[in-house]
Amino acid sequence: MAAGGGDPAASPMKTPSWAVRIRGADGEIAGAGILLSPDQVLTCAHVVDRAAARLTAEFVGATDHSVPAVPARVDGTAYVPETRDADGDPSGDVALLRLERPRPVEETVRLHRLSAPGREVRMYGFPYAHNGGIWFRSTVVGGCGRDGQVQLSPVSPGELASPGCSGAGVADSRTGEVIGMVLSGQLDQHGNRFSFMSPAETIARHLPGLKPHIVGPTAVDERLLPTDDGPSPDLLDEPFAQRLAAWLRDDGSQVKISVVRPGDAARAATLRRAITLADRELRTAVSIDRASLDPPGTVPSAGGHDLAVDASGVTAAEIAERIAERMGLWQHPEDPPLDRIRASRSTLNLVVVGVDEAIDPLPLLDLLEVLRAGGSRLLLVFRTAGDCHRLACDRLLTRPARERRARLVERLRDLTGPLAEDLHERLASVVPHGLRPLDSDLVAAHAALADLLRADDADGERDRAGGPARDRDLDPDQPPGRVRGADRDSDRDGHWDPGRVRDDRDRDLDPDQPPGPVRYADRDPGLDWDPDRVRHPEPGRDRGLGRERDRDVDRDRRPDRGHDRNPDRDPHQPPVPVRYADRDPDMDWDLDRERDRDLDRDRHVDHGHDQDPGRAPAPGVGRVPDLGRYERLADRVAGRLAAGVAELDRLRDRRDELAGRLRGYHVLHQHSLQGEEDPAVDDLYLRAHALLRARPCDVRAAEAAVDAYTRRVDEHGGGDAR
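Residues numbered from 1 in each chain as written. Predicted model: local features only at pLDDT ≥ 70, side-chain atom pairs only at ≥ 80, totals over all residues. Heavy atoms only, no water.

Asks: Residues and numbers for a negative patch on the surface, please.
Replies: A cluster of acidic side chains, namely Asp 414, Glu 421, Asp 422 and Glu 425, defines a negative patch on the protein surface. The topology assignment puts Glu 421 in helix 9 (residues 387–427). (Patch = residues over 30% accessible without salt bridge, like charges linked within 9 Å, V, L, I, M, F, W, Y side chains within 5 Å. Areas by Shrake-Rupley, 256 points an atom, 1.4 Å probe, with all protein chains shown as cover. Salt bridge = Lys/Arg side-chain N within 4 Å of Asp/Glu carboxyl O. Lys, Arg positive; Asp, Glu negative; His and termini not counted. Charge placed at Lys NZ, Arg CZ, Asp CG, Glu CD. Helix = DSSP H or I, 4+ residues; strand = E, 2+ residues; numbered from the N terminus.)

Here is the structure:
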């Protein structure tokens, strides 16, 4: 049986007993509903509005195979109409009906809390011409809007939710559990088809009285909820809140690691606030409103995380079981939860607080590494910047970033090497009529490759010197080009003093260095992985840890790193000038600071104004490659190269076809002349023959010449055997 309900897992082979067809006063089908208790039906508020004053609930999946019809009415105040804010973003649209006569309890079902990303689901509705009901299949795309609604993509165009489906239960295909309710379907002006559902957590927020009918653990551990004796909710570290909200809105970074030290009330309160606001069930009505009084950029998206757990005093196995349950991976309880997670293709956005306070932190890091490799997003909070924190940064940030960069280097080498050679080989054989010039794309790819190789060389020099890895490698959700800890610090009372940096930071990093401002090259990344405060080293910390850690990565480096950053380019060939109009919009060609200020984050970190004039910059300090931007560039160049090669192949095939046609006509013409000569026709042949043999061949001109020759041969009667 489904959890708490009477129907087994929703099977596509039968009509679910909890599916309700709702008719209005005119006898027309107004929508669908879900039987949650013997006398309560959940549906959409707009279905109630459409049905007018008189509602009839019909149970098409009744166990006795009849279709009982029961009058119904709105259950008190359990009615939340749809409203839209200034941006047209919808909210609400849920209602609860009370039946005049109860139904058997075995026909009911309970809503189930499950993480939603990428799930395959189906819904049972009553569209036109299917009065008895029909299953619709969809895939969860993701959350949308401030109300916590979820966007669904129909498996086929005909499975878009249509009138008669509003209020239908949405069942998870893997578990059969009902995880939400259909709201509407939409076909936009571009032909895109989407359906929308309200998940169980959002329904629970709008109708708190339904919580007894909603099962499954909540998305947030109780220990992470604000308490009366906890930090004041009025405390807010606004920069930290903005970074948390950015990650919870999916800023493109997969892993974020932060430190919230014990006793830091402001950061602890900020973290709890972000976790609460990102939960669909706990989110407040105020935070949904566009006119919220919250500081700008500090309110995360509803459903920004799928699960938030407190790891303090908990084992990795317990956390893995919690994750597996949230993912709906309970079908094989005999298998360890880690194995179930590894075998699953499910992903989730996970928040883990107190990673270093778990009973067994190392197995927990193993679990987190499996989740990261499977595509899950991770927000990890540590209490101290100790060994566990540094190990997590290495395993979840540094190594994956370097591996990702190495893959990108190989791909760009392929694009600028063999694939570019294929293109140039074809360009040498035919004139590229109608083909977009690809020189600027290849120049951009070469520049990206050179930038990545410079980063590799800088890392190699830093590894050999035992220095720290760059911030961007360690914390990819930190915007590139920003100096962490050098632009601000906190005084002993926890207040920011933007005009001062602690002088003892330099002495902590290098005891022989006189006090001075902290430069990007000198800071220790193990102290401040989340760039909101300047951290101080713990006594006795091992400064050689990063040296040994990065040495493992260096052994995989290529041996052919030289001063030539672009070994694929002919050293005797002059550089190709790149005009601003030709540059790739995703490349950082620093030509106009105002026009390209959105690319400024990739520029040199120091900009010169903080440098010590008596000391040269450390090796490798400067621009940090934006891997996401270069990956998009590689995708674009690869697509254009493939399209260009395909078009050139088409032209070469046409050239060969024309050459065969010319030879055939020439043989026919020679036979028809019977030893005579025709200089005019011979001139046409020689011109067509010369154009076809020219390299590169102008296929258009050759085609015109071949056509002129074949027409002349036809006019002389020599082409009747064509």
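Asks: If you had to explain the environment of Ser 173 to someone new, which residues and values would you point to?
Replies: Tracing the chain through its elements places Ser 173 in the loop between strand 13 (169–172) and strand 14 (178–187). With a relative accessible area of 30%, Ser 173 lands in the partly exposed category. When the C-alpha atoms of Ser 173 and Arg 122 are compared, they prove to be 6.5 Å apart, with 51 residues separating the residues in sequence. Residue contacts for Ser 173: discarding those within four places in its chain leaves Glu 120, Val 121 and Arg 122. Among the polar contacts made by the side chain of Ser 173, one reaches the side chain of Arg 122 at a distance of 3.4 Å. (Buried < 20%, exposed > 50% of the residue type's maximum accessible area, 1.4 Å probe, protein only. Contact = heavy atoms within 4.5 Å. Polar contact = N/O pair within 3.5 Å; in protein donor to acceptor, adjacent residues only side chain to side chain.)

Asks: Got a sec to walk through the packing of aromatic side chains? Specific residues and values, please.
Replies: Tallied over the full model, the rule gives three aromatic pairs. Seen in terms of ring centroids, Tyr 124 and Phe 126 are 5.8 Å apart; in terms of plane orientation they differ by 85°. Their pairing is edge-to-face. Judged on exposure class, the residue Tyr 124 and its partner Phe 126 are both buried. Ring plane angle 75° and centroid distance 5.1 Å describe the contact between Tyr 124 and Trp 135, whose orientation is recorded as edge-to-face. Pair noted here: Tyr 124 is in strand 10 (residues 120–125) and Trp 135 is in strand 11 (residues 134–144), with a separation of eleven residues, a long-range link. Each member of the pair, Tyr 124 as well as Trp 135, carries the same accessibility label: buried. Here the aromatic cluster, defined as three or more aromatic residues joined through ring pairs, consists of Tyr 124, Phe 126 and Trp 135. (Phe/Tyr/Trp six-rings, centres within 6.5 Å; stacked < 30°, edge-to-face > 60°.)

Asks: With reference to specific residues and values, describe the nonpolar core.
Replies: Ile 34, Leu 42, Leu 99, Leu 111 and Met 181 are the most contacted members of the largest nonpolar core, which has 57 residues in total. Broken down by element, this core gets its largest block of residues, six residues, from strand 2 (residues 29–37). Judged by nonpolar contacts, the second largest core, of 41 residues, contains Leu 442, Leu 453, Val 645 and Tyr 685. (Core = buried A, V, L, I, M, F, W, Y, C linked by side-chain atoms within 4.5 Å.)

Asks: Can you tell me about the pairing of strand 13, naming the residues and giving the values?
Replies: Residue alternation in strand 13 divides its side chains into two sets, Gly 169 and Ala 171 and Val 170 and Asp 172, and both sets are buried. Here three bridges tie strand 10 to strand 13, and the two strands are oriented antiparallel to one another. The partner of Arg 122 across the bridge, within strand 13, is Ala 171. (Pairing = 2+ DSSP bridges.)

Asks: Requested: an account of the pattern of salt bridges, with residues and values cited.
Replies: Oppositely charged side chains are able to pair whenever their charged atoms sit close together. If you walk through the whole model with that rule in mind, you get 40 salt bridges. A salt bridge links Arg 342 to Asp 339, with the shortest nitrogen-to-oxygen separation between them at 3.3 Å. Here Asp 339 and Arg 342 lie together in helix 7 (residues 337–343), a separation of three residues that amounts to about one turn. By relative accessible area, which is 48% here, Arg 342 ends up partly exposed. Among the residues examined, Asp 339 registers a relative accessible area of 37% and is labelled partly exposed. A salt bridge links Asp 459 to Arg 402, with the nearest nitrogen and oxygen atoms 3.6 Å apart.

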